[in-house]
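Single-letter residue listing:
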Amino acid sequence: MKRNWLVIILFSLILSVTLLGCNQNENASTTNGELSVVTSFYPMYEFTQQVAGDRADVSLMVSAGEDAHHYEPSAQDVAGVSKADVFVYSSEEMEHWVESLLNTVENDNLVIARTADGVDLVDTESSDHAHAGEQNQESNGNMTIQGVADHYHTGDMIELTAELDEDVEYDHWHWYKRENADAEWEAVPNQGEAEFKHEASGESFKLRAVLFDDSHNEYAASESIEIVIDDHNGHHHENDEEDTHDRDQADSEESSQGNEHESVQSVEIVGLADHYHTGDVVTLEAELPEDVNYDHWHWYIRENEAEEWEALSDQGTSHFEYKTTGESFEVRAVLFDDNHNTYAESEPLSIVIDDHESHDPHIWLDPVLAQEQVNIIRDALIEADPDGKDIYEKNAEAFNEELQTLDQEYQDVLKDFENRAFVVQHQAFGYLAQRYNLEQIAIGGLSTEVEPSPSRIGEIADLVEEHNVPVIYYQQGANSAIAETVATETGTETAALYDLEVLSQELQDEDLGYVEAMRQNLKSLQLSIK
């Protein structure tokens, strides 16, 4: 009799385990019957939590300290989304990796919430000179280019001056070149003054100068001129010893690329940001593991691996500053000894230029547009879980009321201020500025690791003086040491602004949510906007 009872008990246990396993296989995406929701990065995570409440299991893909722009989903991420009921993200302009992720995911029942749907993205082209090489028919002043020679040789220094027929206060110059009439105008890097200095590189080209006003509108432009490069079938002037030396050295340096000799030391490059915008100044520093007496540095760039490395003529120290022109590129540093042999070199480093397809993706920093994002999340949860409709609607309404209150606070505090400009390291606050009639001024490319050169600090000081701003803002969570150095040199203060791209340690330690962080931003803005 005891044996029979033992058999019945064992059979019941086996049946229970079998049924439990079947239930888990049928609904692998849920835990204890909850809706499973995967969100991309922090704002999407909090908005979803606010709407879902206790009815869903909400997870975050881009965890603390990681960058949402250039995040690389793991195999575990793909598996998690494949098992989820809902996936929430903002836009492809912010999370570039989403498209490839969703192409990999195998989940026909997945409800996808793209929270930027229905939101008009802020166009940033007007502030980054996206079309600056094109002729503006309303230019105000006549401009000529002086100093053009009848021809140049490869290696010659082309020195020109753009002259206006009247004195103006504007000094925001750009120079553009193209090889022929069928090519696009391209900005010539590191040419931000009326004086143009550029080493001839072998091919003839067209050149023109453009002067922009303080609103980044084209004020004056020159006619295009022809720069003729004529090396007389490869025969250079015999007495051009300096140019010959430079070319021989360049050949020597080129041949040193890829030198695997064991005596070549390794160079570390610090100061790299996750991405830059067109017009930002990339600031890097080459560091050696030990002190050496050599100081003959060269920096090389190329667009991709298929291109040849090109030496930059104006980068002769361990400090690198380079104004971006719109295309991503690779950079490397090489240190030569006194005999022009390669002593140390770095690995190629990728400089990612990401203008978010000319749109600002930081929608969530506008409390009004954040409400639209909340509504899209609400509708996605209802689609995946119709039985929870009342809960999701109630939670979304409650959170949107908080956002409405936040919006009203911003309006009340900022409405009467006359000085409405603020200077930031990272160009993330376009939506916030547009909503409350503010002017965001970005110090593009200001590194959090490498101090800018005196000339760069001078440019920033001019910007600060021009707009009469007392504070430079850095992203909360970033190293503020460089911002503080710049602030000291320019006579300003520093303060933090939350862009909320990253779930920072401070947010976690102080248990700050979206609303609290945005209120901190409002307090910080009042230091500058008065």
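Cut-off values and rules
- Position labels on residues start from 1 in each chain and follow its written sequence.
- pLDDT decides what is reported in this predicted model: residues at 70 or higher carry local features, side-chain atom pairs at 80 or more are listed and counted, and totals for whole chains, interfaces and linings draw on all residues regardless.
- For side-chain calculations, the full set of non-hydrogen atoms in the structure is used, while hydrogens and water are omitted.
- UniProt positions are given in the numbering used here, feature names are shortened, and annotations may be inferred rather than shown by experiment.
- Secondary structure elements follow DSSP: runs of H or I no shorter than four residues count as helices, runs of E no shorter than two count as strands, and numbering proceeds from the N terminus.
- Among buried residues, those of type Ala, Val, Leu, Ile, Met, Phe, Trp, Tyr and Cys that are joined through side-chain atoms within 4.5 Å constitute a nonpolar core.
- Residue burial is assigned from relative accessible area. The probe radius is 1.4 Å, only protein chains are included, and a residue is buried under 20% of its type maximum, exposed over 50%, and partly exposed in between.
- Any two residues having at least one pair of non-hydrogen atoms within 4.5 Å are treated as being in contact.
- Multiplying 1.5 Å by the helix residue count minus one yields the expected span of that helix.
- A pair of strands is treated as paired once DSSP finds two or more bridges between them.
- Orienting the strands away from the viewer, one traces the path from the first strand over the helix to the second; a clockwise path indicates a right-handed crossover.
- Axis lines are fitted to C-alpha atoms, over the contacting stretch for helices. Their N-to-C directions set the angle, which ranges from 0 to 180 degrees.
- Oblique is the label for any angle not covered by the other classes, which are roughly parallel (under 35 degrees), roughly antiparallel (over 145) and roughly perpendicular (65 to 115).
- Amino acids outside the nonpolar list (Ala, Val, Leu, Ile, Met, Phe, Trp, Tyr, Cys, Pro) and the charged list (Asp, Glu, Lys, Arg) are all regarded as polar, and Gly is one of them.
- Whenever two N or O atoms come within 3.5 Å, that pair is a polar contact, provided that in protein one can donate a hydrogen and the other can accept it, and provided that, for residues adjacent in sequence, both atoms are side-chain atoms.
- Only one rule defines a salt bridge in this text: a Lys or Arg side-chain nitrogen within 4 Å of an Asp or Glu carboxyl oxygen.

The next point concerns the UniProt feature "coiled-coil region" (unreviewed entry) in the protein. When the UniProt feature table is mapped to this numbering, "coiled-coil region" (unreviewed entry) covers residues 389-420. Between the first and last C-alpha atoms of residues 389-420 the distance is 42 Å; the span itself is 81% helix and 0% strand.

Another point: the nonpolar core. Ranked by size, the top nonpolar core spans 71 residues in total, and within it Phe87, Phe422, Leu500 and Tyr514 carry the most contacts. Leave out the neighbours within four places in its chain, and Phe87 touches Val38, Ser40, Met61, Val81, Trp97, Val98, Leu101, Leu102, Leu110, Val111, Ile112 and Ala113.

All right, on to helix H9 (residues 454-467) then. Here H9 spans 20 Å end to end across 14 residues, near enough to the 20 Å set by a 1.5 Å rise per residue. Buried residues in H9 make contact with strand E15 (281-287), strand E18 (319-323), strand E24 (439-442), strand E25 (471-475) and helix H10 (481-490). Within two residues after H9, Asn468 carries a phi angle of roughly 55 degrees, on the positive side.

Here the focus is unusual backbone geometry. At Asn468, a residue that is not glycine, the phi angle is positive and equals roughly 55 degrees. Its place among the elements puts Asn468 in the loop between H9 and E25. Judged by relative accessible area, Asn468 falls into the exposed class, the value being 58%.

Turning next to the pairing of strand E23 (residues 421-424). Residues Ala421 and Val423 line one face of E23 and the alternating positions Phe422 and Val424 line the opposite face, and both faces are buried. Bridge analysis of E23 against E24 gives four bridges, and the strand direction is parallel. Its bridge partner being in E24, Val423 is matched across the sheet by Ile441. Each parallel crossover has a hand, and the one from E23 via helix H8 (residues 430-435) to E24 is right-handed. Bridge count for E23 against E25 is two bridges, and the pairing is parallel. Directly across from Val423, in E25, lies its bridge partner Ile472.

Take the packing of helix H2 (residues 42-52) against helix H7 (residues 389-414) next. For any two helices packed against each other, one specifies the inter-axial angle together with the distance between the axes. Two elements in contact, H2 and H7, have axes whose closest approach is 7 Å; the angle formed by their N-to-C orientations is 125 degrees. Between H2 and H7, the crossing angle belongs to the class labelled oblique. Where H2 abuts H7, its residues Phe47, Gln50, Val51 and Ala52 lie against Ile391, Tyr392, Asn395, Ala396 and Phe399. A breakdown of the residues in the contact of H2 with H7 according to their chemical character gives seven nonpolar, two polar and no charged.

On to the environment of Tyr410. Note on placement: Tyr410 falls in helix H7. With 108 residues separating them in the primary sequence, Tyr410 and Met518 have C-alpha atoms 9.5 Å apart. The contacts of Tyr410, once residues within four sequence positions are left out, are Leu432, Tyr436, Met518, Asn521, Leu522 and Leu525. Among the polar contacts listed, one links the side chain of Tyr410 to the backbone oxygen of Met518, at a separation of 2.6 Å.

Note on placement: Phe47 falls in helix H2. In this structure Phe47 comes out as buried when scored by relative accessible area, which is 0%. Spatially, the C-alpha atom of Phe47 lies 9.8 Å from that of Val88, the residues being 41 residues apart in sequence.

Looking now at the sheet that holds strand E7 (residues 157-164). Strand pairing in a sheet takes place through backbone hydrogen bonds and is either antiparallel or parallel in direction. An order of E6-E7-E10 is seen for the three strands of this open sheet, with the pairing classed as antiparallel. Strands at the two margins of the open sheet, each flanked by one partner only, are strand E6 (143-146) and strand E10 (195-199). In this sheet, adjacent strand axes meet at a mean angle of 25 degrees when their direction is disregarded. Bridge analysis of E7 against E10 gives five bridges, and the strand direction is antiparallel.

Bringing the pattern of salt bridges into the picture now. Evaluation of the coordinates by the stated rule reveals twelve salt bridges. Across the pair Glu93 and Arg114 runs a salt bridge, and its minimum N-O distance is 3.7 Å. Of this pair, Glu93 sits in the loop between strand E3 (86-89) and helix H4 (98-104) while Arg114 sits in strand E4 (residues 111-114), and the two are 21 residues apart along the sequence. Of the two residues, Glu93 and Arg114, both sit in the buried class. Between Lys206 and Glu226 there is a salt bridge, and its shortest N-O distance comes to 3.2 Å. Note that Lys206 is positioned in strand E11 (residues 205-212) and Glu226 in strand E13 (residues 225-227), a separation of 20 residues in sequence. When salt bridges that share partners are traced, they join Glu92, Glu93, Arg114 and Asp117 into one network.

You can see Tyr219 is positioned in strand E12 (residues 218-221). Tyr219 gets classed as buried once you look at its relative accessible area, which sits at 11%. Through-space distance from the C-alpha of Tyr219 to that of Tyr170 is 8.6 Å; in sequence the pair is 49 residues apart. Here Glu166 takes part through its side chain, which lies 2.6 Å from a polar atom of the side chain of Tyr219.

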